[in-house]
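Chain by chain, the residues:
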Amino acid sequence: MKLAKVVISAACILSGLSTVRGETHYEPHIWLGGRAGMSMSRMSFSPSVSQRWLTGSTGAITFRYSEEKIFGVIAEFGWEQRGWSENFGDGNPLRYSRQLTYLHLPILSHIYFGSSRFKGFVNLGPEIGCLLGSSISSNFDYSNPTSSADWPSRNRQTEQLTAEISNKFDYGISAGLGVEFYIRPRHSVVVEARYYYGLGNIFPSSKADTFSASRSMSIDVTLGYNFRIK
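Residues numbered from 1 in each chain as written. Predicted model: local features only at pLDDT ≥ 70, side-chain atom pairs only at ≥ 80, totals over all residues. Heavy atoms only, no water.

**Some details on the overall build of the chain**
- In terms of regular secondary structure, the chain is built from two helices and nine strands.
- Ordered by position in the sequence, the α and β elements of the chain form the string α-β-β-β-β-β-β-α-β-β-β.
- Taking all 230 residues of the chain together, the buried fraction comes to 40%.
- For the chain, restricting intrachain contacts to residue pairs at least 6 apart in sequence, the fraction spanning at least 24 positions comes to 72%. (Helix = DSSP H or I, 4+ residues; strand = E, 2+ residues; numbered from the N terminus. Buried < 20%, exposed > 50% of the residue type's maximum accessible area, 1.4 Å probe, protein only. Contact = heavy atoms within 4.5 Å.)

Quick look at the structure:
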């Protein structure tokens, strides 16, 4: 239902913008560029798992088609490191994190406002991704975690420590806020904070499985450069 509401709302916005475009002609601009920065991620598990944010890297090549007034479309192709870090409690020496590296392709609506030298913007749209690989960092035997003397005495989920990733395809919704500074008419620097919420599960999610949900979440902070080719 939430996804349907997002799609309907986006369609209404695009319809309104198309009407405005039909009334007034604006010269389109085409931009090429790239962005890179830091990602912070965790998972939405059900049953829940105590976690900390896991830091990683992200980056992409960007293509942007925009009308001069307020609206454009962005397509990107890049990578992002997601995953999670287990939280064993303050003072506990145990460490476990699992990093998932994705190739991803967002297609975003780009709504912007401001002057010829400075603009604010909102990006929103769907994103798909494919898992390239995963890695585990741990300072204990995670295949037999309860054998560690520092393992928390309270009950907690352990299946996620060793579970194989069954679904390498991911999809979800991305939303970003940022600012763009125009160094010259054809050159700009972009700073953006973007949130991603995955709709696909990385682990099996049938009634017989441990987790009914195992979805990715991430926050990216990136610095980018764009060059206008038209």
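So that's the structure; there's more coming.
**A look at the pairing of strand E5 (residues 96–114)**
- When strand E4 (residues 71–86) meets E5, the two strands line up antiparallel, connected through 13 bridges. Opposite Trp79, over in E5, you have Leu103 as the bridge partner. (Pairing = 2+ DSSP bridges.)

**Observations regarding a nonpolar patch on the surface**
- A surface patch of nonpolar side chains, amounting to about 880 Å² of accessible area, comprises Val73, Phe77, Trp79, Leu103, Leu105, Ile107, Ile128, Leu132, Phe169 and Tyr171.
- For the nonpolar patch, the elements supplying multiple residues, two or more each, are E4, E5, strand E6 (118–138) and strand E7 (169–184).
- Topologically, Leu105 is positioned in strand E5.
- The partly exposed category is assigned to Leu105, whose relative accessible area is 33%. (Patch = residues over 30% accessible without salt bridge, like charges linked within 9 Å, V, L, I, M, F, W, Y side chains within 5 Å. Areas by Shrake-Rupley, 256 points an atom, 1.4 Å probe, with all protein chains shown as cover. Salt bridge = Lys/Arg side-chain N within 4 Å of Asp/Glu carboxyl O.)

**Brief notes about the nonpolar core**
- Core analysis: the largest hydrophobic core is formed by 17 residues, its most contacted members being Phe45, Trp84, Ile202 and Phe203.
- Counting residues per element, the ones that place at least two in this core are strand E1 (29–46) and E5.
- Broken down by element, this core gets its largest block of residues, three residues, from E5.
- Not counting chain neighbours up to four residues away, the residues in contact with Ile202 comprise Met43, Trp84, Leu100, Tyr102, Glu164, Ile165, Ser166, Asn167 and Ser214. (Core = buried A, V, L, I, M, F, W, Y, C linked by side-chain atoms within 4.5 Å.)

**Focus: unusual backbone geometry**
- Each neighbour pair has its own omega, and for Ser46 with Pro47 the value is 5°, a cis peptide bond.
- Following the sequence through the fold, Pro47 ends up in the loop between E1 and strand E2 (51–52).

**Topic: the environment of Ile183**
- Within the secondary structure, Ile183 sits in strand E7.
- The exposure class of Ile183 is exposed, given its relative accessible area of 51%.
- Between the C-alpha atom of Ile183 and that of Arg117, which follows or precedes it by 66 residues, the distance is 7.4 Å.

**Brief notes about the side chain of Ser39**
- Tracing the chain through its elements places Ser39 in strand E1.
- The buried category is assigned to Ser39, whose relative accessible area is 0%.

**Considerations on the confidence of the model for the chain**
- Taken residue by residue, the chain gives an average pLDDT of 89. The fraction at 70 or more is 88%.
- Long-range and interchain partners of residues 10–23, a stretch whose pLDDT sits below 50, account for six contacts in this model, where long-range means more than four residues apart. (pLDDT = per-residue confidence, 0-100.)

**Focus on the side chain of Gln51**
- Inspection of the secondary structure puts Gln51 in strand E2.
- From its side chain, Gln51 meets the backbone oxygen of Met43 in a polar contact 2.8 Å long.
- Contacts of Gln51, omitting those with residues within four sequence positions, involve Arg42, Met43, Phe45, Trp84, Ser85, Glu86 and Asn87. (Polar contact = N/O pair within 3.5 Å; in protein donor to acceptor, adjacent residues only side chain to side chain.)

**Quick word on the packing of aromatic side chains**
- Under the counting rule described, the total for this entry stands at 13 aromatic pairs.
- Note on Phe45 and Phe203: the rings are 6.2 Å apart at their centroids and 10° apart in plane angle, and the pair reads as stacked. Taken as a pair, Phe45 in strand E1 and Phe203 in the loop between strand E8 (187–198) and strand E9 (213–228) lie far apart in primary sequence, 158 residues in all. Comparing Phe45 with Phe203 shows no difference in burial state: the two are buried.
- When the ring of Phe45 is compared with that of Phe211, the centres are 5.1 Å apart and the planes differ by 40°; the resulting orientation is tilted. Of the two residues, Phe45 sits in strand E1 while Phe211 sits in the loop between E8 and E9, which places them 166 residues apart along the sequence. (Phe/Tyr/Trp six-rings, centres within 6.5 Å; stacked < 30°, edge-to-face > 60°.)

**Examining the pattern of salt bridges**
- Throughout the structure, instances matching the rule amount to nine salt bridges.
- Here Arg156 ties to Glu86 by a salt bridge, and the two come within 2.6 Å at their closest N and O atoms. Remark: Glu86 occurs in strand E4 and Arg156 occurs in the loop between E6 and helix H2 (159–162); sequence separation between them is 70 residues.
- Given a relative accessible area of 4%, Glu86 falls into the buried group.
- Through salt bridges with shared partners, a single network forms among Arg35, Glu76, Glu192 and Arg194.

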